[in-house]
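Reading the structure
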Amino acid sequence: MSDNQVDPSGNTEAFRAFTRTTPDKESSSKLPFVIGGVVALVVIALIVWLAL
């Protein structure tokens, strides 16, 4: 007799749907990365300016 329950590890798509905890939309903003990049550029520019 076969089981009526489908094993979610049986295929990748079913497993991902089974383990998904957040919706498909992008869950995090890119704003922290942009701010971090700007801060890094300012620090590098400051170091270069001080080295001159």
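The structure we're discussing is the one just above.
Residues numbered from 1 in each chain as written. Predicted model: local features only at pLDDT ≥ 70, side-chain atom pairs only at ≥ 80, totals over all residues. Heavy atoms only, no water.

**Observations concerning the overall build of the chain**
Operational definition: Numbering of helices and strands starts at the N terminus; helices are DSSP runs of H or I of at least 4 residues and strands are runs of E of at least 2. Per-residue accessibility, obtained with a 1.4 Å probe over protein chains only, is compared with the maximum for each type, and a residue is labelled buried under 20%, exposed over 50%, and partly exposed between these values. Note that accessible areas follow from Shrake-Rupley with a 1.4 Å probe, and for residues the cover is restricted to the protein chains shown.
For the chain, the count of helices and strands is two helices and zero strands. With 52 residues in all, the chain has 0% of them scored as buried. With an accessible surface of roughly 5300 Å², the chain has 64% of that area assigned to carbon and sulfur atoms.

**Re a nonpolar patch on the surface**
Just so we agree on the cut-off: Residues enter patches when their relative accessible area tops 30% and they take part in no salt bridge; the joining distance is 9 Å for like charges and 5 Å for the nonpolar side chains Val, Leu, Ile, Met, Phe, Trp and Tyr. Basic side-chain nitrogens of Lys or Arg form a salt bridge, by our definition, when they fall within 4 Å of a carboxyl oxygen of Asp or Glu.
Judged by side-chain polarity, L31, V34, I35, V38, V39, V42, V43 and I47 come together as a nonpolar surface patch covering roughly 710 Å² of accessible area. Structurally, the position occupied by V39 is in helix α2 (residues 31–51).

Such coordinate-based values are descriptive only and should not be taken to indicate function.
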